[in-house]
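# Fold and contact review
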Amino acid sequence: MLVNMQEMLLKAKKENYAVPHLNINNLEWTKYILEECQNNNSPVILGVSEGAAKYMGGYHVVANMVKGLLQDLKITIPVALHLDHGKTVKACREAINGGFTSVMIDASKYDLETNIKMVNEVIDLTNGQTVEAEIGHIGGTEDETSSEVAYAKVEDCITLVKNTNIDCLAPALGSVHGFYKGEPKLDFEKMEQIKTATNLPLVLHGGTGIPDELIKKAIKHGVCKININTELQDVWNKSVRRFIEENPDVYDPRKIISAGEKNMKEAIKNKIILLGSQNKA
Ligand code: 13P
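Starting from 1, residues in each chain are numbered consecutively following that chain's sequence as written. Per-residue local features are limited, in this predicted model, to residues with pLDDT of at least 70; the limit for side-chain atom pairs, both in listing and counting, is 80 or more; totals at the level of whole chains, interfaces and linings are taken over all residues. Water and hydrogen atoms play no part in the side-chain values, which are based on all heavy atoms of the structure.

## Section: the site of the ligand
Only heavy atoms are used to decide nearness, and a residue is near a molecule or strand if one of them lies within 4 Å of it. Close to the ligand lie 15 residues; Asp84, Gly178, Gly206, Thr208 and Thr230 are nearest. One of the backbone nitrogen or oxygen atoms of glycine 178 is found 2.8 Å away from an oxygen atom of the ligand. Polar contacts, as used here, are pairs of N or O atoms within 3.5 Å; protein pairs need one atom able to donate a hydrogen and one able to accept it. Residues neighboring in sequence count only if both atoms are side-chain atoms. Within the side chain of threonine 230, an N or O atom sits 2.5 Å from an oxygen atom of the ligand. Strands here are runs of E lasting at least two residues and helices are runs of H or I lasting at least four, both read from the DSSP assignment and numbered beginning at the N terminus. Looking at the shell around the ligand, the elements with two or more residues in it are strand 4 (79-86), strand 10 (176-177) and strand 12 (223-228). Polar here means any residue other than Ala, Val, Leu, Ile, Met, Phe, Trp, Tyr, Cys and Pro, which are nonpolar, and Asp, Glu, Lys and Arg, which are charged; Gly is therefore polar. Partitioned by chemical class, the residues of the shell around the ligand number two nonpolar, 11 polar and two charged.

## Quick look at the side chain of threonine 230
As for its position among the elements, threonine 230 is in helix 10 (residues 230-246). With residues up to four places along the chain from it excluded, the contact list for threonine 230 reads Gly178, Phe179 and Thr208. Contacts: residue pairs with any heavy atoms within 4.5 Å of one another.

## Here we look at the packing of helix 4 (residues 59-72) against helix 5 (residues 89-98)
At a minimum axis distance of 8 Å, the contact between helix 4 and helix 5 shows a crossing angle of 40°. Compared by their axis directions, helix 4 and helix 5 come out oblique. Helix 5 is crossed by helix 4, and the crossing has right-handed handedness. Each of Tyr59, His60 and Ala63 in helix 4 lies in contact with helix 5, whose residues at this interface are Ala91, Glu94, Ala95, Asn97 and Gly98. Among the residues making up the contact of helix 4 with helix 5, the classes are represented as four nonpolar, three polar and one charged. Convention adopted: a line fitted to C-alpha atoms gives each axis, helices being fitted over their contacting stretch, and angles between N-to-C directions are expressed from 0 to 180 degrees. Any angle between 65 and 115 degrees counts as roughly perpendicular, while under 35 counts as roughly parallel, over 145 as roughly antiparallel, and the rest as oblique. Left-handed describes a crossing whose near helix is turned anticlockwise from the far helix through less than a right angle; right-handed describes the clockwise counterpart.

## Examining the packing of helix 5 against helix 6 (residues 112-125)
Where helix 5 meets helix 6, the closest approach of the two axes is 10 Å, and the angle between their N-to-C directions is 20°. The angle between helix 5 and helix 6 places the two elements in the roughly parallel class. Considering how the two elements wind past one another, helix 5 and helix 6 form a crossing that is right-handed. Here helix 5 contributes Val89, Cys92, Arg93 and Ile96 to the contact with helix 6, which in turn contributes Met118, Glu121, Val122 and Leu125. Class assignment of the residues belonging to the contact of helix 5 with helix 6 gives a composition of six nonpolar, no polar and two charged.

## Concerning the nonpolar core
Residues belong to one nonpolar core when they are buried, are Ala, Val, Leu, Ile, Met, Phe, Trp, Tyr or Cys, and are joined through side-chain atoms within 4.5 Å. Only protein chains enter the area calculation, which uses a 1.4 Å probe; residues under 20% of their type maximum are buried, those over 50% are exposed, and those in between are partly exposed. Core analysis: the biggest nonpolar cluster contains 76 residues, and Ile166 and Leu169 have the highest contact counts within it. Sequence-distant contacts of leucine 169, that is, excluding residues within four places in its chain, are made with Ala133, Ile135, Cys157, Leu160, Val161, Ile194, Thr198, Leu200, Pro201, Leu202 and Val203.

## Concerning the environment of asparagine 227
Inspection of the secondary structure assignment puts asparagine 227 in strand 12. Take asparagine 227: its relative accessible area is 4%, and that puts it in the buried class. Along the sequence, asparagine 227 and glutamate 121 sit 106 residues apart, while their C-alpha atoms lie 24 Å from each other. Discounting residues that sit within four places of it in the chain, asparagine 227 has contacts with His21, Asp84, Val203, Leu204, His205, Gly206, Gly207 and Thr208.

The values reported here are purely geometric and, on their own, carry no functional implication.
Next up, the structure:
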């Protein structure tokens, strides 16, 4: 069932678990994620970056692909289709017009006033879609652009939430996109303060490489949505490389691409169990 994020995040907040946000890159990934989440009766947020949407042909292609899979695979769990790190109001508009049920407007590189203005412009475009905003800056590399970590300020989070009507907030608190160099330094004290002050479901970006205990701790401190991308890419990449090395005569793309299916599904199941979203659909 294609839905926005509202109900699934509020349920997660109430029952202290997190919904997996898993980034998709193509038909096969979307299918594996939907099948595994259905098998585990877990809600899921399909994250699509601007780059991934472009790669797949555009927002309509992605939305229609997801809708087709939900129908033909008889998927009954709640599924949100979410623009991940929409950098402009235009990108959010295109995603909404294409059939996405949720968007993130990432105006975190601008000053707070501009961030709030852009968030409100996106909210004005919605008709039932949920909206996520970011404060501070998540570090690392995404869609080929790199950036430094900047911790969110609690006062800024309060101001943004007071002046907008967002559904969830991603305060950057030390996480990075991609692999970590050393142990991540998440600011749980601030996380708790932001949770209490805003009373909104919080989002943890850069879910790859955060140790399990820290993921569980983040959920205790208000995180209801955890974004994971690189880890599934890594699992798929290693499995497919091994398959190609061991089977140099196979040229059927279906066999090559699906060499990553088993390990990806296993990784997805492990995340669902870690996040506590199993049987929460
Ligand atoms: P990772 O690639 O580090 O898992 O982060 C994903 C993410 O935060 C997408 O928004």
